[in-house]
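Descriptive analysis of the structure
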Amino acid sequence: MKLKLFLTYDHELPLGTLKTSFSEALFEPTYQVFNVSEQCGVRVNLFTDILCASRYKDWDYNNFYLPYKEQLSGSLNAGHDVQLHIHPHWLTSVYENSEVKPSSNFGLSDFSEKAEFGGISGIVKKSITDLTEICTETKPDYKCIAYRAGGYNIAPNTIEIFDALQAGGIQYDSSIAPGYFFKSGISEVDFRKLPALPNWIIQPENLSKTKSEPGILEIPIASIPKTPFEVPTFLKMKKYAHRAPASRGEVIHTSGPDKLADKLKMLFSARMLSFDNYTLSLSYLMKIVDYNVRKHKKADSLMLSVISHPKSMGNYSFELMKRFIDEVRRKYPEAEFLTFSDLNNQLNK
């Protein structure tokens, strides 16, 4: 089996109220990601929150939009990849007295009837256009080909969302973490029933089915089922509180599920392979990789994403990133760390 890993980073500000500067919240930790990647000789993938940038182009051009463009330009010049991440709540958020009041229109599906934004298809088209315009200033042959949904929200208007992505030239999705469940007052994600395949072509009508004709290829976020024998998260958060970075902003999800059944689903939701969960150890991250390798041992190749958020990363996260890359190379010497542009070049030779 050929193991291919994609180091992906959701390049975004805190979605709620910002507690610090733009630099401390996003730009500085992202540059630290680049520093670690350079030390390790790998290239990373930024899934950048383009609608945030588009709004701040009007709200605060000099302090956010220009440094944002500079960071994307630098990442492309360094050989990293920049791809599409959409958090549409920015479109209906309000900016007053240099502070954002976030909208509760969290997912693309919340905009399906909002004609003033062109609905889902209009938002996706504008997002691809805006990102492409920024990136082609640095890299004229840049192509926007990969997508991660904000908050992993690809439902309930899944067909409409994927039709719009495909129409815009998106060839790869990395929004799905098998076994993950989440519900709040503004969002619901349920990835508990998926194909028993390493990678598959998305069939929007039913994510548990596949099709052979061309479509959007899923590169899932690596995950592992959570067992009832694990130490409860709240205890690990207390034990490892010294690893946690300083909070850079508020979360946007202010309420959890009301029903007991949904609370239990969240309690046993799968864990994702990530550097910004400070309760996870290197051995646990490798446990996730090993689980997926065993699960798909008969496959010719296995493509998985590692998901992290610079806004949530601190010293422990950066050290964990470095140690993880080293350990993967030791245990799986044939493994590749790829960008989505690398993958596209491989598949289209």
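See the structure shown above.
The following refers to the structure shown. (Residues numbered from 1 in each chain as written. Predicted model: local features only at pLDDT ≥ 70, side-chain atom pairs only at ≥ 80, totals over all residues. Heavy atoms only, no water.)

Description of the pattern of salt bridges
Note the cut-off: Any carboxyl oxygen of Asp or Glu that lies within 4 Å of a side-chain nitrogen of Lys or Arg is treated as forming a salt bridge with it. Every helix listed is a DSSP run of H or I at least four residues long, and every strand listed is a run of E at least two residues long, numbered separately from the N terminus. Only protein chains enter the calculation, and the probe is 1.4 Å; a residue is then buried if its accessible area is under 20% of its type maximum, exposed if over 50%, and partly exposed in between.
Summed over all chains, the structure comprises 15 salt bridges. For the salt bridge of E250 with K19, the shortest nitrogen-to-oxygen distance reads 3.5 Å. Here K19 lies in the loop between strand 1 (2-11) and helix 1 (22-40) and E250 lies in the loop between helix 6 (233-239) and helix 7 (260-267), a separation of 231 residues in the sequence. With relative accessibility at 39%, the residue E250 sits in the partly exposed group. Relative accessible area serves as the criterion here: at 47%, K19 is assigned to the partly exposed category.

A short note on a nonpolar patch on the surface
Inclusion rule: By definition, no residue in a patch forms a salt bridge, and every one has over 30% relative accessible area; like charges are joined within 9 Å, nonpolar side chains (Val, Leu, Ile, Met, Phe, Trp, Tyr) within 5 Å. Per-residue and other accessible areas follow the Shrake-Rupley method at a 1.4 Å probe size, with only the shown protein chains counted as cover for residues.
Judged by side-chain polarity, L260, L264, L267 and F268 come together as a nonpolar surface patch covering roughly 390 Å² of accessible area. Examined against the element boundaries, F268 turns out to sit in the loop between helix 7 and strand 13 (271-272). A relative accessible area of 39% places F268 in the partly exposed class.

A closer look at the pairing of strand 1
Basically, it comes down to this: At least two bridges found by DSSP between two strands are what make those strands a pair.
With nine of 10 residues buried, strand 1 is to be regarded as a mostly interior element. Bridge analysis of strand 1 against strand 15 (residues 336-337) gives two bridges, and the strand direction is parallel. Looking at the pairing, K4 lines up with E336 of strand 15. One ladder, built from four bridges, connects strand 1 with strand 2 (residues 45-49); its direction is parallel.

Remarks on the environment of T233
Here T233 shows up in helix 6. C-alpha separation for the pair T233 and V251, spaced 18 residues apart in sequence, amounts to 18 Å.

Comments concerning helix 9 (residues 315-331)
Our working definition: Any helix carries an expected span of 1.5 Å times its number of residues minus one. Any two residues whose heavy atoms approach within 4.5 Å at even a single point are treated as in contact.
Taking 1.5 Å per residue as the helical rise, helix 9 with its 17 residues ought to reach 24 Å, and the 24 Å between its terminal C-alpha atoms agrees with that figure. Considered for burial, the residues of helix 9 that qualify are Y316, S317, F318, L320, M321, F324, I325, E327 and V328. Packed against the buried residues of helix 9 are strand 1, helix 1, helix 8 (282-295), strand 14 (301-308) and strand 15.

Considering the nonpolar core
Heads up, the condition is: In plain words, nonpolar cores are sets of buried Ala, Val, Leu, Ile, Met, Phe, Trp, Tyr and Cys residues tied together by side-chain atoms within 4.5 Å.
Counting residues in each nonpolar core, the largest one holds 98 residues, and the members touching the most others are F64, L84, F275 and F324. Tallying contributions element by element places helix 1 first for this core, with eight residues. Once you skip the residues sitting within four places of it in the chain, F275 turns out to touch L7, Y9, L285, V306, I307, S308, M313, S317, L320, M321 and F324. Core analysis: the second largest hydrophobic core is formed by 12 residues, A146, I201, I219 and L343 among them.

A look at a negative patch on the surface
So the rule is basically this: Charged residues are defined here as Lys and Arg on the positive side and Asp and Glu on the negative side; His and the ends of the chain fall outside this count. Charged side chains are reduced to one point each, which is NZ for Lys, CZ for Arg, CG for Asp and CD for Glu.
A surface patch of like charges, here negative, comprises E113, E160, D163 and E205. If you trace the backbone, E160 turns up in helix 5 (residues 158-167).

Comments concerning the packing of aromatic side chains
Test applied: Aromatic contacts are taken between Phe, Tyr and Trp rings whose centres are within 6.5 Å, Trp giving its six-membered ring; a plane angle under 30 degrees counts as stacked, one over 60 as edge-to-face, and the others as tilted. Think of it as a cone above the ring: NZ of Lys or CZ of Arg counts as a charge over the ring if it is within 6 Å of the ring centre and within 35 degrees of the ring normal.
Per the counting criterion, the structure on display carries 18 aromatic pairs. Residues Y56 and W59 carry aromatic rings whose centres are separated by 5.1 Å and whose planes lie at 85° to one another, so their mutual orientation is edge-to-face. Separated by three residues within a single helix, Y56 and W59 lie in helix 2 (residues 50-59), roughly one turn from each other. As far as the burial class goes, Y56 and W59 line up, both buried. Here Y56 and W90 contribute two aromatic rings whose centre-to-centre distance is 6.1 Å and whose plane-to-plane angle is 65°, an arrangement assigned as edge-to-face. Residue Y56 is found in helix 2, and its partner W90 is found in the loop between strand 3 (81-86) and strand 4 (94-96); the two are separated by 34 residues along the sequence. For the pair Y56 and W90, a shared accessibility class is recorded, and that class is buried. Aromatic rings pair up to connect F22, F27, Y56, W59, F64, Y68, W90 and Y95 into one cluster. The ring of Y284 has K236 lying over it, and the distance from NZ or CZ to the ring centre is 5.8 Å. The ring centre of Y240 lies 3.8 Å from the NZ or CZ of R243, which sits over that ring.

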